[in-house]
Amino acid sequence: LLLAYEPAKRLARVRISLESGIVGVRMMFQLADEPLTLAEKPDARPLLAGPGEIRFDAVSFAYQNGPPVLDRFDLTLAPGKMTALVGPSGSGKSTILNLIMRMYDPQGGKVLLDGQDISHATLASLREKIAYVSQDTFLFAGTIMHNIRLGRQDATDEEVIAAARAANAHDFIMAQAKGYETDVGENGGLLSGGQRQRISIARAMLRNAEILLLDEATSALDAESEALFRDALQQLTEGRTTIVIAHRLSTVHQADTIVVLEGGKVVESGPHKTLLKQGGLYQKLYEYQLMP
Ligand code: ADP
Ligand code: MG
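Computed from a predicted structure; not experimentally measured.

Colleague: I'd like to hear about the overall build of the chain, residue by residue, with values.
Modeller: Looking only at helices and strands, one finds twelve helices and twelve strands in the chain. Split into buried and exposed, the 292 residues of the chain put 53% on the buried side. Element-wise, carbon and sulfur atoms account for 51% of the exposed surface of the chain, whose accessible area totals about 13,700 Å².

Colleague: I'd love a proper account of the site of ligand 1, names of residues and values included.
Modeller: Around ligand 1, a shell composed of twelve residues is seen, among which Gly90, Gly92, Lys93, Ser94 and Thr95 lie nearest. At a separation of 2.8 Å, an oxygen atom of ligand 1 approaches a polar side-chain atom of lysine 93. Here an oxygen atom of ligand 1 sits 2.5 Å away from a polar atom, N or O, in the side chain of threonine 95. With the chains in place, 59% of the 560 Å² that ligand 1 exposes on its own is no longer accessible. Looking at side-chain class alone, the shell around ligand 1 contains four nonpolar, six polar and two charged residues.

Colleague: A description of the packing of helix α6 (residues 157-166) against helix α8 (residues 193-207) should follow, citing residues and the corresponding values.
Modeller: Put simply, α6 and α8 touch, their axes get as near as 8 Å, and they point 125° apart. What the angle tells us is that α6 and α8 run oblique. In this structure, the crossing between α6 and α8 has a hand that is right-handed. Here Glu159, Val160, Ala163, Ala164 and Ala166 of α6 lie close against α8, whose contacting residues are Ala202, Met205 and Leu206. Grouping the amino acids of the contact of α6 with α8 by side-chain chemistry returns seven nonpolar, no polar and one charged.

Colleague: Go over helix α3 (residues 93-100), please, and point to the residues and values.
Modeller: Because an α-helix completes one turn every 3.6 residues, residues spaced three or four positions apart along the sequence face the same direction. Counting buried residues along α3, seven of its eight residues qualify, which places the element largely inside the surrounding structure. Taken residue by residue, α3 has Lys93, Thr95, Ile96, Leu97, Asn98, Leu99 and Ile100 as its buried positions. Looking one or two places after α3, you find arginine 102, whose phi comes out positive at around 60°.

Colleague: Any details on the nonpolar core? Residues and values, ideally.
Modeller: Soluble globular proteins: nonpolar side chains tend toward being buried together. Val86, Ile148, Ile173, Tyr180, Ile201, Ile258 and Val260 are the most contacted members of the largest nonpolar core, which totals 44 residues. In terms of residues, this core owes the most to one element, α8, which gives six residues. When near neighbours in sequence (up to four residues on either side) are disregarded, isoleucine 173 contacts Ile144, Ile148, Ala164, Gly179 and Tyr180.

Colleague: So what's going on with the pairing of strand β10 (residues 241-245)? Residues and values would help.
Modeller: Within β10, five of the five residues are buried, which leaves the element mostly enclosed by the surrounding structure. Residues Thr241, Ile243 and Ile245 point to one face of β10 and Thr242 and Val244 to the other, with burial holding for every one of them. Direction of pairing for strand β5 (residues 82-86) relative to β10: parallel, over a ladder of four bridges. When the bridges of β10 are listed, alanine 84 appears paired with valine 244. When strand β9 (residues 211-215) meets β10, the two strands line up parallel, connected through five bridges. Paired with isoleucine 211 across the two strands is threonine 241, which belongs to β10.

Colleague: Give a detailed account of the pairing of strand β4 (residues 68-77), specifying residues and quantitative values.
Modeller: Relative to β4, strand β3 (residues 54-62) runs antiparallel, the two sharing six bridges. Bridge pairing links alanine 62 to proline 68 in β4. Taken together, β3 and the strand that follows it, β4, pair antiparallel across an intervening segment of five residues, in which asparagine 65 is found at a positive phi of about 60°.

Colleague: Explain the sheet that holds strand β8 (residues 130-134) to me, and be specific about the residues and the numbers.
Modeller: Spatially, β8-β9-β10-β5-β11-β12 is the arrangement adopted by the six strands of the open sheet, whose pairing is mixed. The sheet is open, and its two borders are formed by β8 and β12 (265-270), each paired with just one other strand. Averaged over all neighbouring strand pairs, the angle between strand axes comes to 20°, with direction disregarded. Seen against the sheet, α3 touches β5, β8, β9, β10 and β11 (257-262) and runs at an angle of roughly 145° to β10.

Colleague: Go over the environment of isoleucine 201, please, and point to the residues and values.
Modeller: Here isoleucine 201 is to be found in helix α8. Distance from isoleucine 201 to alanine 232, taken between C-alpha atoms, is 7.5 Å for residues 31 residues apart in sequence.

Colleague: How would you explain the pattern of salt bridges if you had to name every residue and give the values?
Modeller: One pass over the structure, following the stated rule, counts five salt bridges. For the salt bridge of aspartate 105 with arginine 102, the shortest nitrogen-to-oxygen distance reads 2.6 Å. Among the residues examined, arginine 102 registers a relative accessible area of 3% and is labelled buried. With its nearest N and O atoms 3.3 Å apart, the salt bridge here joins lysine 129 to glutamate 210. Taken together, the residues lysine 129 in the loop between α4 (123-128) and β8 and glutamate 210 in the loop between α8 and β9 connect sequence positions 81 residues apart. Classification of lysine 129 by relative accessible area gives buried; the value is 9%.

Conventions and cut-offs
- Residues numbered from 1 in each chain as written.
- Chains lettered and ligands numbered in written order.
- Predicted model: local features only at pLDDT ≥ 70, side-chain atom pairs only at ≥ 80, totals over all residues.
- Heavy atoms only, no water.
- Helix = DSSP H or I, 4+ residues; strand = E, 2+ residues; numbered from the N terminus.
- Buried < 20%, exposed > 50% of the residue type's maximum accessible area, 1.4 Å probe, protein only.
- Areas by Shrake-Rupley, 256 points an atom, 1.4 Å probe, with all protein chains shown as cover.
- Near = heavy atom within 4 Å.
- Polar contact = N/O pair within 3.5 Å; in protein donor to acceptor, adjacent residues only side chain to side chain.
- Nonpolar A, V, L, I, M, F, W, Y, C, P; charged D, E, K, R; others polar.
- Axes fitted to C-alpha atoms, helices over the stretch in contact; angles between N-to-C directions.
- Parallel < 35°, antiparallel > 145°, perpendicular 65-115°, else oblique.
- Left-handed = near helix turned anticlockwise from the far one by under 90°.
- Contact = heavy atoms within 4.5 Å.
- Core = buried A, V, L, I, M, F, W, Y, C linked by side-chain atoms within 4.5 Å.
- Pairing = 2+ DSSP bridges.
- Salt bridge = Lys/Arg side-chain N within 4 Å of Asp/Glu carboxyl O.

Laid out in structure tokens, this is it:
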């Protein structure tokens, strides 16, 4: 079953996706100016539960009319661990996350979750397992309470507040005149970047998904926000399969494994200390502070 949506229908999809979670929302926006072709096989099945191992098996992928981005790409991401993807701009980091969320299907090879080919799974069961936090996480005009609750519609106020506490957002929220009923403004414009980010982390906490995909902010947060963000992140990633496109050294240090990409290939991988000693691309990126 191949679904191609007309623009008007895409708008309708956005509304529906709002109900089903962050990844859905993000996906619709990102694909808005491309033909949206999502294939859900007629015999698609929900993914079975598992520890959360993600594996790329000989994956080849190119964007429409573009050059190959990945060519028989292999990578295994350990369940429950945090992997940082680093590498120059254009090396394929975001594409890897796109493929895991199944915004696109590879032209060759498989992306497997606990051994199950995600292209044979229902989209709902895949997205249920994934929380995605990025620098431009969508906040919607509405209250802080509403924005956090997008993580899980049936969460109680108490659960929303617990998630906000865990994300180090509760104190700044309570400092607002209307607390959780404060309006965040169009795209969250009434809040600072650090505040928006902590709300998006609270949302992800509430979702309690098995897999966390994180595209870290490039924008410099002030020192206090950055420390709060790091603490929140530590809590959020605990025991989840986490992939972070890391721009901050503090996050890279935190990762169990660092995968260094260049031109769609893994050129190095290992923990921070090992890679530094190796004197390869990682060491260069690190030394010259070129961490993208
Ligand atoms: P990174 O996240 O490491 O900067 P990307 O995965 O975004 O790299 O990009 C890998 C390659 O794919 C780049 O050459 C980029 O120009 C291309 N690319 C990324 N997104 C798209 C897209 N939506 N359409 C076409 N080409 C894209
Ligand atoms: Mg990118």
